[in-house]
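Coordinates in review
Take a look at the letters that make up each chain.
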Amino acid sequence: MAREIAEVLGAKTRKDGYLEGNGYQVSWTFGHLCTLKEPHDYNPVWKMWQLQSLPMIPSRFGIKLLSNEAYEKQFRILEKLIRGAEAVINCGDAGQEGELIQRWVLQKAGCRCPVFRLWISSLTEESIREGFQHLKDAAAFNPLYEAGLSRAIGDWLLGMNATRLYTLRYGQNRQVLSIGRVQTPTLALIVNRQQEIEQFKPEPYWELKTLYRQTSFAATQGKFSRKEDGEALLQQVTGKEFTVTGITTKKGREAPPRLFDLTSLQVECNRKFAFSAEETLKWIQSLYEKKLTTYPRVDTTFLSDDLYPKIPQILKGLTAHAPLTAPLLAGKIPKSRKVFDSSKVTDHHAIIPTGMSAKNLSDREQKVLDLVVRRFIAVFYPDCEIATTTVLGEVENVGFKATGKQILKPGWRAVFEKEAKEAAENADRAGNEPAEETTVLPDFVKGEHGPHEPDFVGKWTTPPKPYTEATLLRAMETAGKRVDDDELRDALKENGIGRPSTRAAIIETLFKRNYIRREKKSLHATPTGVELIGVIRNELLKSAELTGQWEKKLRQVEKGACKAGVFLDELKQLVGQIVQEVRSDTSTRSVSIGETPAPLPGKQRKTDLAGSPERKAGKNVRKPAVRPAGPPAAATPPACPRCGGAILRGRTAYGCAGYRNGCTFRLSHETCGKDLTDSELCRIIKELPHG
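All right, on to the sheet that holds strand β9 (residues 204–212) then. The strands making up a sheet associate through backbone hydrogen bonding, with each pair oriented either parallel or antiparallel. What the seven strands build is an open sheet, ordered β14-β11-β12-β13-β10-β9-β15; its pairing is antiparallel. Each having just a single partner strand, β14 (449–450) and β15 (453–460) make up the two edges of the open sheet. Summarising the sheet, β9 and β15 pair through eight bridges and their orientation is antiparallel. Bridge pairing links T210 to P454 in β15. Along the sheet face, helix α8 (residues 227–237) touches β9, β12 (384–395), β13 (398–409) and β15 and points at about 170 degrees away from the line of β15.

Okay, here's the thing in structure tokens:
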């Protein structure tokens, strides 16, 4: 991003840690360079994990540099540049986290000069130039910073205190029980759904149907809870003629699907490609950095009105989809309030393509980009025109009904014609019934009659389905409420838990903590996750709906409608209440920790105990987990988990002494840290997955 901005500004001379030229010095951070101080930075006593030290509530929160040589070097460069500058332009990501990252750096560097804010939604040259022509005063974004700071402090207060509290009171074998303001209610959603499924008692029911002219008609009385009732009607209609008593056809229109926000994109990618939320965020972020899509961490599905004049140019740039854009470019682009509504756009508009040419994309990037492009094109197409036909029939005063839907004019569905055809073919191969919108009924005439084939089928009620990442993201967005209507979902977003940019990291945290596991697409709570939710008695700590109220207050802080202190005072009060409740619990309940899963491959995000993500750059270093203070464990020599041989300490790794006999066990210093004690090394080896 710094290179793109420097190129536009003419700062082309490369220096150590920055680019210079034309009166500008362009430098960068590696995600978070600063973080909130640790408990022991405020009070040495808080270094020990002790119940009597809780709650830990600093009188004033402070920040510090992350302990990393590369980060510290880059910060010193930034500090020197900031102190020598006439003015500073904050070009961080135009969102809450981006604002927090750069504000902390400016604060730590002791910035005293004027500060301006670049606020852009894409990295195209045009967007960057336009952004620099309309720089804003940094003070205008104070509420955004206060919301980000409140979120970070809130996560610290609840995460640090509750994690220590529940670990010391209910944990076994010195293992940490991680509690977070967002991760715990998210885990509770999965646990509650799992318990609903386990406690579900299937009940029988029966359906009376009949086949007339190769069309299935269902009895208008619906399902029968008593077999005898249905069988009596079956006898009544068997051998008698079916008569068509009524035909009604209603014409209707279906509007195009909304543009993508981050959550709906993650939902669609999980549904169609089985991508995890984290994977989708990774690919859409990559497309943004390649200038192919706009800023991805958004929670609106609308565009601002000032974007309307730019739409034809974007459509012209989508040359790979020229057959679909040609009809739109042949006339005037429609301007619908379902697409353009500045009142529904705060920081950023919905995710759309920029119209730049796409080259050298991976298969997954191409799939995500194609979804974004097709959704963008579709919103400018006409509504899909449909006809819904209902046919009523009767046999010996027993009513029957069949419904079918016919597409009269495909409209926006033409944009998705290929994938709709593939879905129909897949359904046909699997022996499934076609989708209702493609079920066209034969031509019936009122009064016609003839033979039919009645059938009486017994079935069982089914339990609710386990969450997938797609349905879990929707549940987080609506605080656990099942909502299919787009407008109602928009209204509930205010009370959703987490932010679009952090929900994927929260789900990944639950995997890494071994609180949930994946079976195909379904998410299931592990015994540890179930036990953890079981020992938490405070509803506010695990209720998605109540946590959503905190999120609403954070959004109000961002808009300047609520004071940050009000939110934090409520959290401090809650922390004190939770500590008192747990201390007074005299039960013998506890939580046992299962196997710790292996780290996910590739570059990871470090997540703090409260579940708020911190971006890390450079190499991943696995640090020993924080353990409660207490008597040290007996020192035992570390042994190879594969062959039982002694562990040797090399210059770059720990390895098995049995390597000469073919044992390949090895732990690099980059993975787990250098100069570990025998006890620490034993614990890390014990936590490794089997095999």
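In terms of nonpolar packing, the biggest core is built from 138 residues, with Y166, L265, I284, L303, F376, I377 and F380 touching the most fellow members. If you tally residues by element for this core, the top one is helix α6 (residues 142–170), at 11 residues. When sequence neighbours within four positions are dropped, the list of residues in contact with I284 reads L262, L265, T293, P296, I351, V368 and V372. Listed in part, the 18 residues of the second largest apolar core include W206, Y212, A402 and L441.

This next bit is on the pairing of strand β16 (residues 516–519). Bridge count between β16 and strand β17 (residues 522–525): four bridges; the pairing is antiparallel. Paired with R518 across the two strands is L523, which belongs to β17.

This next bit is on the side chain of T184. Of note, T184 is situated in helix α7 (residues 183–199). In this structure the side chain of T184 is engaged in a polar contact, spanning 2.9 Å, whose partner is the backbone nitrogen of G180. Beyond its immediate chain neighbours, meaning those up to four positions away, T184 contacts I179, I533, I536, L541 and K542.

The next subject is the packing of helix α9 (residues 262–273) against helix α15 (residues 469–477). Relative to each other, α9 and α15 sit at 160 degrees, their axes nearing to 8 Å. Put simply, α9 runs roughly antiparallel to α15. In this structure, the crossing between α9 and α15 has a hand that is left-handed. Contact with α9, carried on its side by T263, S264, Q266, V267 and N270, involves E469, A470, L473, R474 and E477 of α15 and no other residues of that element. For the contact of α9 with α15, a count of residues per class yields three nonpolar, four polar and three charged.

This part is about the pattern of salt bridges. Overall, the coordinates contain 39 salt bridges when judged by the stated rule. Linking E79 and R83 is a salt bridge whose minimum nitrogen-to-oxygen distance equals 3.2 Å. Here E79 and its partner R83 are both found in helix α3 (residues 69–83), four residues apart, which amounts to about one turn of the helix. Among the residues examined, E79 registers a relative accessible area of 15% and is labelled buried. Sharing partners across several salt bridges, the network here consists of R151, D155, R181, E551 and R555.

Bridging between β9 and strand β10 (residues 215–219) involves four bridges; their strand directions are antiparallel. Pairing of Y212 across the sheet is with T215, part of β10. Linking two consecutive strands that pair antiparallel, namely β9 and β10, is a turn of two residues; a positive phi of about 50 degrees is found at R213 within it. Bridge count between β10 and β13: two bridges; the pairing is antiparallel. Looking across to β13, one finds that A218 is bridged to K401.

Our focus in this paragraph is the confidence of the model for the chain. Parts of the model with low pLDDT should not have their predicted coordinates read in detail. Taken as a whole, the chain shows an average pLDDT of 86; of its residues, 87% reach a score of 70 or greater. Contacts for the low-pLDDT stretch residues 427–432, under 50 throughout, to residues beyond four places or in other chains number one contact. Low confidence marks residues 595–635, where pLDDT is under 50. Its contacts with residues over four positions away, or in another chain, come to 107 contacts.

With that settled, the discussion passes to the packing of aromatic side chains. Two numbers describe a pair of aromatic rings. These are the distance of the centres and the angle of the planes. In this structure the tally under the stated criterion is 20 aromatic pairs. Judged by centre distance (5.9 Å) and plane angle (85 degrees), the ring pair of Y42 and W156 falls under edge-to-face. Of the two residues, Y42 sits in helix α2 (residues 39–42) while W156 sits in helix α6, which places them 114 residues apart along the sequence. The interplanar angle of 80 degrees and the centroid separation of 5.7 Å between the aromatic rings of Y288 and Y295 together place this pair among those described as edge-to-face. Note on Y295: relative accessible area 4%, which makes it buried. Grouping aromatic residues by their ring pairs yields a cluster made of Y212, F217, F242, F400 and F444. Its end group placed over the ring of F141, R117 keeps NZ or CZ at 5.9 Å from the ring centre. Between the NZ or CZ atom of R375 and the centre of the ring of F260, over which it lies, the distance is 3.9 Å.

Procedures and definitions
Residues numbered from 1 in each chain as written. Predicted model: local features only at pLDDT ≥ 70, side-chain atom pairs only at ≥ 80, totals over all residues. Heavy atoms only, no water. Pairing = 2+ DSSP bridges. Helix = DSSP H or I, 4+ residues; strand = E, 2+ residues; numbered from the N terminus. Contact = heavy atoms within 4.5 Å. Axes fitted to C-alpha atoms, helices over the stretch in contact; angles between N-to-C directions. Core = buried A, V, L, I, M, F, W, Y, C linked by side-chain atoms within 4.5 Å. Buried < 20%, exposed > 50% of the residue type's maximum accessible area, 1.4 Å probe, protein only. Polar contact = N/O pair within 3.5 Å; in protein donor to acceptor, adjacent residues only side chain to side chain. Parallel < 35°, antiparallel > 145°, perpendicular 65-115°, else oblique. Left-handed = near helix turned anticlockwise from the far one by under 90°. Nonpolar A, V, L, I, M, F, W, Y, C, P; charged D, E, K, R; others polar. Salt bridge = Lys/Arg side-chain N within 4 Å of Asp/Glu carboxyl O. pLDDT = per-residue confidence, 0-100. Phe/Tyr/Trp six-rings, centres within 6.5 Å; stacked < 30°, edge-to-face > 60°. Lys NZ or Arg CZ within 6 Å of the ring centre and 35° of its normal.

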